[in-house]
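Fold and contact review
Below, each chain spelled out in residue letters.
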Amino acid sequence: MSTDFSIRVASLEDKEVVTQLLKASYPVLMKSRYSEEHLSNILPIMTKANPFLLSSGTFYLAETKDKSVIGCGGWTKEKPGSSEIETGLGHIRHFATHPQWTRKSIGRKIYQRCEKEAKMAQIKCFECFSSLNAEGFYRALGFKSVKNIDIILVNHLKIEAVWMRRYI
Ligand SMILES: CC(C)(COP(=O)(O)OP(=O)(O)OC[C@H]1O[C@@H](n2cnc3c(N)ncnc32)[C@H](O)[C@@H]1OP(=O)(O)O)[C@@H](O)C(=O)NCCC(=O)NCCS
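Everything numeric in this text was worked out from a predicted model, so none of it was measured.

Structural notes on the packing of aromatic side chains
- Under the criterion given, the structure shown has 7 aromatic pairs.
- Between Phe95 and Phe137, the ring centres sit 6.1 Å apart and the planes meet at 45°, which makes this aromatic pair tilted. Here Phe137 lies in helix α5 (residues 135-140) and Phe95 lies in strand β4 (residues 89-97), a separation of 42 residues in the sequence.
- The exposure class of Phe137 is partly exposed, given its relative accessible area of 27%.
- Three or more aromatic residues joined by ring pairs form one cluster here, namely Trp75, Phe95, Tyr111, Phe126, Phe137, Tyr138 and Phe143.

Details of the site of the ligand
- Around the ligand, the surrounding shell holds 22 residues, and the nearest of these are Phe95, Thr97, Arg103, Arg108 and Ser131.
- The separation between a nitrogen atom of the ligand and a polar main-chain atom of Phe95 is 2.8 Å.
- Between the ligand and the protein, one listed contact pairs an oxygen atom with a backbone N or O atom of Thr97 at 2.8 Å.
- If you map the ligand onto the pockets, it falls in the largest pocket.
- Of all the elements in the fold, those that place two or more residues in the shell around the ligand are α1 (15-29), β4, α4 (106-120), β5 (125-131) and α5.
- Take the shell around the ligand: its biggest share by element is 4 residues, from α5.

Overview of the sheet that holds strand β6 (residues 144-154)
- An order of β1-β2-β3-β4-β5-β7-β6 is seen for the 7 strands of this open sheet, with the pairing classed as mixed. Across the chains shown, the open sheet's two edge strands, defined by having one partner strand only, are β1 (6-9) and β6. Strand-to-strand twist in this sheet, taken as the mean axis angle between neighbours without regard to direction, amounts to 30°.
- Two elements, β6 and strand β7 (residues 157-167), share 9 bridges in a ladder whose sense is antiparallel. In the strand pairing of β7, Ile152 is matched with Lys158.
- The sheet contacts of helix α2 (residues 36-46) involve β6 and β7, and relative to β7 the element is tilted by about 65°.

As for the pairing of strand β3 (residues 69-76)
- With 8 of 8 residues buried, β3 is to be regarded as a mostly interior element.
- Where strand β2 (residues 59-63) and β3 come together, 5 bridges link them in antiparallel fashion. For Glu63, the partnering residue across the bridge sits in β3 and is Val69.
- Where β2 hands over to β3, the hairpin turn is made up of 5 residues, of which Lys67 adopts a positive phi near 75°.
- Direction of pairing for β3 relative to β4: antiparallel, over a ladder of 5 bridges. Residue pairing across strands places Gly71 opposite Thr97, the latter belonging to β4.

Things to note about the pattern of salt bridges
- Summed over all chains, the structure comprises 10 salt bridges.
- Linking Arg8 and Glu63 is a salt bridge whose minimum nitrogen-to-oxygen distance equals 2.9 Å. Of this pair, Arg8 sits in strand β1 while Glu63 sits in strand β2, and the two are 55 residues apart along the sequence.
- The class of Glu63 is buried, set by a relative accessible area of 7%.
- In this structure, Lys67 and Glu63 form a salt bridge, with 3.8 Å as the shortest nitrogen-oxygen distance.
- Connected through salt bridges with shared partners, the residues Arg8, Asp14, Glu63 and Lys67 form a single ionic network.

The rules behind these values
- Residues numbered from 1 in each chain as written.
- Predicted model: local features only at pLDDT ≥ 70, side-chain atom pairs only at ≥ 80, totals over all residues.
- Heavy atoms only, no water.
- Phe/Tyr/Trp six-rings, centres within 6.5 Å; stacked < 30°, edge-to-face > 60°.
- Helix = DSSP H or I, 4+ residues; strand = E, 2+ residues; numbered from the N terminus.
- Buried < 20%, exposed > 50% of the residue type's maximum accessible area, 1.4 Å probe, protein only.
- Near = heavy atom within 4 Å.
- Polar contact = N/O pair within 3.5 Å; in protein donor to acceptor, adjacent residues only side chain to side chain.
- 1 Å grid on protein atoms, 1.4 Å probe; cavity = no way out; pocket = protein on both sides within 12 Å on 5 of 7 lines; lining within 4 Å.
- Sits in = over half its atoms within 2 Å of the grid points.
- Pairing = 2+ DSSP bridges.
- Axes fitted to C-alpha atoms, helices over the stretch in contact; angles between N-to-C directions.
- Contact = heavy atoms within 4.5 Å.
- Salt bridge = Lys/Arg side-chain N within 4 Å of Asp/Glu carboxyl O.

The following block contains the structure:
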């Protein structure tokens, strides 16, 4: 398999391919740290592409030469699930790599693009709510864990995550 891929900005037109990517990635790669029962409850909510992110201009896709989307991720000034903005703070959002393409630096390359664009927008610090399985990935990118927290998805559904931070 070729390891060639390029990074481009996503748009609303990518809604279906991003949903397909999240559906391929999350169930396989998250099962190391979450039970099957828990995943069957939360994944229908978590694997929907977010239109706000897709149209933000700061959400990126990794694409092969034949235009298959194999990775995604981005950042926003807005805190997840709110319109709250804190000067200088950016939020890392919805990183996913296709399970057949992990450990080929796709996530790292998307992150580097995020960091470059965020610095140009005067962002000084990134925060993320990492899934338990992705903590090692974010640590490798220079993030430090702040603490474990429960994130409320809807009503009574929640997911344990790691609040992480990196100054850029
Ligand atoms: C987390 C995720 C995006 C990483 O994507 P990836 O493209 O495989 O990451 P990279 O190849 O760029 O990895 C860069 C470095 O991060 C570290 N890393 C990546 N995955 C890791 C893992 N599962 N455990 C520990 N370290 C990991 C490694 O140091 C790696 O470098 P190396 O391969 O040279 O050792 C991917 O595993 C994924 O999609 N997981 C499921 C979805 C998810 O949990 N997303 C996070 C939501 S907050």
